[in-house]
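Residue-level structure breakdown
The lines below spell out each chain.
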Amino acid sequence: MLEIRDLHVSIGGKEILKGIDLVVKEGEVHALMGHNGAGKSTLSNVIVGHPAYEVTQGSITFNGHDLLAMKPEERAHEGIFLSFQQPVEIPGVSMVNFMRAALNAKRKYLGLEPLAAGDFLKLMREKRKIVELDNKLTNRSVNEGFSGGERKRNEIFQMAMLEPTLSILDETDSGLDVDALRVVGEGFNKLRTPQTSAIVITHYQRLLDYIRPDVVHVLIDGRIVRTGGPELAMEIEQRGFDWLKPDS
Amino acid sequence: MLDTHSAPALNALRTQAFEDFRRQGFPSRKVERYRYTDVAAAFAPDYGVNLRGLSIPVNPYEAFRCDVPNLSTSLYFVANDRFYDTMPRGGETSIKKRPALPEGVIIDSLARVALERPELVAPYYGRLARSSKDAINALNTMLAQDGVFIYVPRHTVVPRPIQVVNILRADVPLMANRRMLIVLEEGAQLQLLVCDHTMDDHDFLATQVVEAFVGEDAHLEFHELEETHPTNHRFSNTYADLSAHSVATLGCITLSCGLTRNRTDVTLSGEDSEVNLIGAVVADGNQHADNNTLIDHRVPNCRSNELYKYVLDDSAVGAFAGRVLVREGAQKTSSRETNANLCAAPTARMYTQPMLEIYADDVKCSHGSTVGQLNDAALFYMRQRGVPEDEARLLLKFAFVGEVIDGIRLDALRDRLHYLVEKRFRGELGRCAGCGENVKCGER
Ligand SMILES: Nc1ncnc2c1ncn2[C@@H]1O[C@H](COP(=O)(O)OP(=O)(O)OP(=O)(O)O)[C@@H](O)[C@H]1O
Ligand SMILES: [Mg+2]
C-alpha cells in the first residue's frame with residue numbers, strides 16, 4: 001500500500017533523510033524507532049505533504065498513486081492520517097465544525113453526499129466513546145486549552161472519525177498517563193481492520209504492548225539501519241540505540 | 001433653504017457650524033485623526049444634495065425584508081437623509097406592524113420631534129458632536145435636515161431590539177447628511193442595530209453623526225453593520241457620554257464598504273461606568289476602512305474594553321487608531337485595548353496605532369496590536385485532516401473575526417453575523433443580506 005524508495009529530504013538546505021526505503025503492506029503495523037532528531041517526524045511529515053520539506057530524490061507511492069504529486073488534503077482523502085507529535089491549537093474553530101468540514105470534504109472526494117447534521121452528531125458520539133473523549137472537549141475549539149494527553153486522545157478520536165487506511169502515530173504515547181495509554185491503545189486496536197495499516201513512531205515499548213507491530217525499524221541519522229520483528233523493540237528498550245550505530 | 005424643511009432646534013446651530021467648517025476646511029492628512037484617510041479627495045466629485053426634501057423613488061418596505069431572523073426587531077428606515085415613516089399600506093406587503101413601544105419611548109423623525117417637542121432635542125443636539133472640534137461634525141451640522149431621534153425615559157426598558165436601516169438610493173451621485181440622537185434617561189435600556197446599505201452603485205457620500213447620552217445606570221447596546229457598495233463613501237462620527245454606573249457596548253462591523261472612516265468618541269463622565277468597543281472589518285478589492293477611536297476616562301473607577309479586528313485581502317487598506325486617555329484623578333481605571341489584524345495578501349495594507357495616555361498613577365491598563373498572516377501550522381493541520389486549503393483558510397479567517405462577534409450580547413444578531421461573515425468570506429454575500437434573504441438589490 002505504501003512504498004517509499006530511496007527518499008532524500010532536506011529542510012533549509014540541510015539533508016535530513018538520506019535514502020529511506022520502506023514498504024508497508026495492507027494490514028501491517030510497522031514501528032519506527034530511533035533517537036531524538038533522527039528524522040522520524042520528518043518522514044511522517046513528508047508522507048502527509050508538509051510544504052516545508054523538500055524531497056530531493058526518491059519516490060513515495062500509495063496504492064499505486066504518486067503521493068508526492070498530491071496535495072495534503074488529497075492524501076488525507078486517499079486515506080492517510082497523521083497523529084501529530086505536537087497537535088496545534090486552533091482557537092475559534094470548533095471541533096464540531098472542523099470535523100464536519102474534514103469528513104464532508106472526504107465524502108465529496110469519494111463522491112458521497114454530505115452527512116446529515118443528525119447523523120454527523122451521532123457519529124461524533126459513537127467515535128468519542130472509542131477513546132472515552134469527554135464531550136466537553138469536542139464542544140471546544142480544536143485543541144484549545146487541551147492538556148498534552150487530551151490532545152493525543154483527540155488525535156485518535158479524529159482518526160476514528162476519518163477512518164484512514166494508513167495511520168501514522170507520531171509519539172502518540174508521549175504525554176499519556178497509564179490509563180490513557182491503555183484507552184488509546186485499545187481504541188486504536190478497535191479501529192484496526194485487515195485492510196488498515198499503521199506506522200507507529202515511539203521511543204518506548206509500552207505502546208507496543210497494546211499495538212503489536214509486525215515489523216520494527218530503527219532510524220538513525222536519516223537512514224533505516226536495522227529492520228526486525230517485535231523482539232527488536234524489546235532489545236532497544238534494554239540496550240538503547242548506540243549498538244546499532246553504523247560506526248560502532 | 002437649509003432651514004425650510006428642518007426644525008429650529010437643528011437650524012439654530014447651522015450658522016456657527018458654517019463658521020466652524022469654513023475655519024477648519026476639509027481635514028488634511030496632517031490632522032492626526034485624519035492621517036489615514038484623504039477626506040478632501042472623497043468630497044471632490046460633485047454630489048447632489050436633496051435639500052428640498054423630495055421623496056426618493058423607493059419604498060424601503062417593499063425593497064427590504066429587513067429582519068435579522070429570530071431577532072424580532074422593530075424596524076425603521078432612513079432613506080438617504082430622511083426618516084421614512086410612510087407605513088406600508090395594508091395588504092401590499094407582508095411587513096409586520098411594529099409592536100407598541102413602552103410608554104414614553106420615542107423613535108421618530110428627528111426633525112419632527114425637534115419641531116413638536118423641542119425641549120427633548122435642544123438640550124442634547126450638537127452637545128457631544130461639537131462642530132468646533134471636527135470638520136465632519138461641522139459639515140453635517142450645517143447641512144443635516146433630519147434623522148432618527150430615540151428617547152427612552154427613566155427606568156424604561158425597551159424589550160425588543162430596535163433596528164434602523166439606512167439606505168442610500170439615487171439616480172445621480174448623492175451626498176446625504178444624517179443624524180441620530182439617542183437619549184437614555186436614568187436606568188433606561190436599549191438595544192439598537194443600525195444597518196447601513198446602498199441600493200445602487202452611484203457615487204454616494206454619507207456623513208453621519210450619532211450622539212448618545214447614556215444616563216445613570218442605563219444600558220445601551222448599539223451595533224452598526226455596514227454593507228455598502230465599493231462606490232460609497234462614509235464618514236461617521238459617533239459620540240457617547242456615559243453617566244455613573246452605566247454600561248455601553250458599541251459595535252462597528254464593516255462587512256463591505258467603499259471608503260469608510262468611523263470615529264467613535266466615548267466619554268466616561270460618571271464613576272463606575274463601562275464601555276465596550278468592538279469592531280470588525282472585512283475588506284478586499286480596493287476597500288478602505290479607517291476606525292479612529294477615543295475613550296476618555298475622566299473620572300475614577302471606570303472600565304473600558306476595546307477589541308478591533310481586521311481581515312484584509314487584495315489591495316484593501318485598513319487603519320486603526322485607538323486612543324485611550326486616562327485623565328488626572330481617574331484612579332482605579334481599568335482599560336484594555338487590542339487591535340489584531342490579518343493581511344491575507346501581501347498587497348493589503350494595515351496601519352495600526354494604539355495609544356495609551358495615562359495621567360493617573362493607580363490604574364490597570366494594557367494595549368497592543370498585531371499584524372500577521374494565517375497560522376501556517378493550523379492551516380497544515382486542517383489540510384492533513386482533509387479540509388481543502390481554501391476552506392481551511394476560510395475557517396481560520398472566520399474564527400479570527402468570530403472573537404469580535406462573540407462580544408455581541410444580542411444573541412440573534414450574533415448568530416446572524418457569524419453566518420454573514422462566513423458568507424462574506426465565501427464571496428456569497430448579497431449586498432443586503434444583513435437584512436434578510438429576500439432582498440432584491442438595486443430594485444427600483
Ligand atoms: N523546520 C526545520 N528547520 C530546521 N531543521 C529542522 C526542521 N525540522 C526538523 N529539523 C531537523 O531535522 C532533524 C530531524 O528532526 P525530526 O523532528 O524528524 O526528528 P525525530 O526523529 O522526530 O526526533 P524526536 O524523537 O525528538 O521527535 C533534527 O535535527 C531537526 O532539528
Ligand atoms: Mg519527532
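Above this text is the structure in question.
What comes next concerns the included structure. All values reported here derive from a predicted model rather than from experimental measurement. Residue indices follow the written sequence of each chain, beginning from 1 at its first position. Naming scheme: in the order in which they are written, chains are lettered from A and ligands are numbered from 1. Given that this is a predicted model, residues contribute local features only at a pLDDT of at least 70 and side-chain atom pairs are listed and counted only at 80 or more, while totals for whole chains, interfaces and linings are drawn from all residues. Just so you know, side-chain values use all the structure's heavy atoms and leave hydrogens and water out.

We now examine empty space enclosed by the protein. Residue and element names in this part refer to chain B. Of the grid points, spaced at 1 Å and generated over the protein atoms alone, those admitting a 1.4 Å probe that cannot get out make up cavities, while open sets with protein on both sides within 12 Å along at least five of seven lines make up pockets; any residue with an atom within 4 Å of a point is treated as lining. Grid points are joined across faces, edges and corners, and a volume is the space filled by probe spheres set on the points. In the structure shown here, the tally under the stated rule is four cavities of 30 Å³ or more. By volume, the largest cavity is sized at about 90 Å³. Around the largest cavity sit 13 residues that line it, and Glu-224, Thr-238, Gly-251, Cys-252 and Thr-264 are the ones nearest its centre. Helical segments are the DSSP runs of H or I of at least four residues, strand segments are the runs of E of at least two, and each set is numbered from the N terminus. Going through the elements one at a time, strand 10 (219–227), strand 11 (232–242), strand 12 (247–256) and strand 13 (259–268) are the ones with two or more residues in the lining of the largest cavity. Any residue that is not Ala, Val, Leu, Ile, Met, Phe, Trp, Tyr, Cys, Pro, Asp, Glu, Lys or Arg is counted as polar, Gly included; the first ten are nonpolar and the last four charged. In terms of residue class, the lining of the largest cavity is built from five nonpolar, five polar and three charged.

Residues and elements named next belong to chain B. Topologically, Asp-146 is positioned in strand 5 (residues 146–152). Buried, partly exposed and exposed residues are distinguished by accessible area as a fraction of the type maximum, computed with a 1.4 Å probe on protein chains only: under 20%, between the cut-offs, and over 50%, respectively. A positive count includes Lys and Arg, and a negative count includes Asp and Glu. His and the chain ends are not counted in either. Here, a salt bridge means any Lys or Arg side-chain nitrogen found within 4 Å of an Asp or Glu carboxyl oxygen. Among buried charged residues, Asp-146 stands out as having no salt bridge; its nearest opposite-charge side chain is Arg-82, 5.3 Å away. In protein, a polar contact requires one atom able to donate a hydrogen and another able to accept it; more generally it is a pair of N or O atoms within 3.5 Å, and residues adjacent in sequence count only if both atoms are side-chain atoms. Within the local environment of Asp-146, its side chain forms a polar contact with the side chain of Ser-109, the two groups lying 3.0 Å apart. Only heavy atoms enter the contact rule, under which two residues are in contact if any of them lie within 4.5 Å. With sequence-adjacent residues up to four places away left out, Asp-146 is seen in contact with Leu-10, Asp-81, Arg-82, Phe-83, Ser-109, Leu-110, Ala-111, Asn-177, Arg-178 and Arg-179.

Turning to the environment of B:Leu168, a few remarks are in order. Residue and element names in this part refer to chain B. Relative to the helices and strands, Leu-168 resides in strand 6 (residues 162–168). Judged by its relative accessible area of 1%, Leu-168 is buried. Each C-alpha atom, one on Leu-168 and one on Asp-376, is 41 Å from the other, the two residues being 208 residues apart in sequence. If we skip the residues at most four places from it in the chain, Leu-168 touches Asn-80, Ala-176, Arg-178, His-197, Thr-198, Met-199, Asp-200, Phe-204, Ala-206 and Asn-232.

Turning our eyes to something else, we now look at the layout of surface pockets. What the largest pocket holds in volume is close to 450 Å³. Contributing to the lining of the largest pocket are 21 residues, with A:Pro91, A:Gly92, B:Leu396, B:Ala399 and B:Phe400 lying nearest its centre. Where the lining of the largest pocket is concerned, the elements lending two or more residues are strand 7 (90–94) of chain A together with helix 9 (389–405) of chain B. The greatest single-element share of the lining of the largest pocket, amounting to seven residues, is contributed by helix 9 of chain B. Residues belonging to the lining of the largest pocket are distributed by class as follows: eleven nonpolar, seven polar and three charged.

As a further point, take the site of ligand 1. Residues and elements named next belong to chain A. Neighbouring residues of ligand 1: 15 residues in total, closest Gly-37, Gly-39, Lys-40, Ser-41 and Thr-42. In this structure, Ser-41 approaches ligand 1 through a side-chain N or O atom, which is 2.8 Å from an oxygen atom. One of the side-chain N or O atoms of His-203 is found 3.0 Å from an oxygen atom in ligand 1. Elements represented by at least two residues in the shell around ligand 1 include exactly strand 2 (14–24) and helix 1 (40–48). Of the residues forming the shell around ligand 1, the biggest block, three residues, is contributed by helix 1. Among the residues forming the shell around ligand 1, the class breakdown is four nonpolar, eight polar and three charged. Being near a molecule or strand, for a residue, comes down to having at least one heavy atom within 4 Å of it.

A word on helix 9 (residues 230–239) of chain A. Residue and element names in this part refer to chain A. Those residues of helix 9 lying buried are Leu-232, Ala-233 and Ile-236. In a view along the axis of helix 9, the buried residues occupy a sector of 100°, so they form one face of it. Of the exposed residues in helix 9, those oriented more than 90 degrees away from the buried face are Glu-231 and Gln-238. Along its buried surface, helix 9 packs onto strand 3 (29–33), helix 8 (205–208), strand 11 (215–220) and strand 12 (223–228). Directly beyond the C-terminal end of helix 9, a positive phi value near 75° is found at Gly-240. This arc is taken over the directions from the axis of the helix to the C-beta atoms.

Turning to the interface of chain A and chain B, a few remarks are in order. Facing the 29 residues of chain A at the interface are 15 residues of chain B. The interface formed by chain A and chain B contains two salt bridges. Applying the counting criterion to the chain A and chain B interface returns eleven residue pairs in polar contact (both at pLDDT 80 or more). Listed by contribution, the elements that provide at least two residues to the side of chain A that touches chain B are helix 1, helix 2 (72–77), strand 6 (80–83), strand 7, helix 3 (95–109) and helix 6 (148–162) of chain A.

Attention now goes to the pairing of strand 4 (residues 54–62) of chain A. All names here are of chain A. Should DSSP find at least two bridges between two strands, the strands are regarded as paired. As judged from the seven bridges shared by strand 1 (residues 2–11) and strand 4, these two strands associate in the antiparallel manner. Paired with Ser-10 across the bridge in strand 4 is Glu-54. Following strand 4, the chain reverses through two residues before pairing antiparallel with strand 5 (residues 65–66); Asn-63 in that reversal takes a positive phi of roughly 50°.

This next bit is on the coordination of the magnesium ion (ligand 2). Residues and elements named next belong to chain A. Coordinating donors are taken to be N, O and S atoms lying within 2.8 Å of the metal, or within 3.2 Å when the metal is Na, K or Ca; because water is excluded from the atom set, some sites may appear incomplete. Every protein donor of the magnesium ion (ligand 2) is listed here as Ser-41 (OG) and Gln-85 (OE1), and their distances to the metal cover 2.0 to 2.1 Å. Of this pair, Ser-41 sits in helix 1 while Gln-85 sits in the loop between strand 6 and strand 7, and the two are 44 residues apart along the sequence. Classification of Ser-41 as partly exposed rests on a relative accessible area of 23%. With a relative accessible area of 29%, Gln-85 lands in the partly exposed category.

Looking now at the sheet that holds strand 5 of chain A. All names here are of chain A. One open sheet accounts for four strands, arranged 2-1-4-5; its pairing is antiparallel. In this open sheet, the two strands that pair with only one neighbour each are strand 2 and strand 5. Where strand 1 lies against strand 2, eight bridges are found, and the strand directions are antiparallel. Looking at strand 2, one finds that Ile-4 is bridged to Leu-22. Taken strand by strand, helix 1 contacts strand 1, strand 2 and strand 4, and its axis lies near 110° from that of strand 1. All axes are obtained by fitting lines to C-alpha atoms, using only the stretch in contact for helices, and the reported angles, taken between N-to-C directions, cover 0 to 180 degrees.

Residues and elements named next belong to chain B. Relative to the helices and strands, Asn-286 resides in the loop between strand 14 (274–283) and strand 15 (288–297). Overall, the relative accessible area of 68% leaves Asn-286 in the exposed class. When the C-alpha positions of Asn-286 and Leu-259 are compared, they lie 8.7 Å apart, and in sequence the two are 27 residues distant. Beyond its immediate sequence surroundings of up to four residues, Asn-286 is in contact with Gly-258 and Ser-315.

Let us look at unusual backbone geometry. Glycine aside, negative phi is the norm for most residues, and most peptide bonds take the trans geometry. Of note in the backbone geometry, A:Glu163 takes a positive phi value of approximately 45° without being a glycine. Its location among the elements puts A:Glu163 in the loop between helix 6 and strand 9 (166–170). By relative accessible area, which is 53% here, A:Glu163 ends up exposed. Unusually for a residue other than glycine, B:Asp272 sits at a positive phi of about 60°. The exposure class of B:Asp272 is partly exposed, given its relative accessible area of 29%.

Residues and elements named next belong to chain A. Running from N to C, helix 3 and helix 6 cross one another at 35°; their axes reach a closest spacing of 10 Å. The crossing of helix 3 and helix 6 is right-handed. Touching Met-95, Phe-98, Met-99, Ala-102, Leu-103 and Lys-106 of helix 3 are Asn-154, Phe-157, Gln-158, Met-161 and Leu-162, all from helix 6. Taken together, the residues of the contact of helix 3 with helix 6 sort by class into eight nonpolar, two polar and one charged. Each crossing gets its handedness from the near helix: less than a right angle anticlockwise from the far helix is left-handed, clockwise is right-handed.

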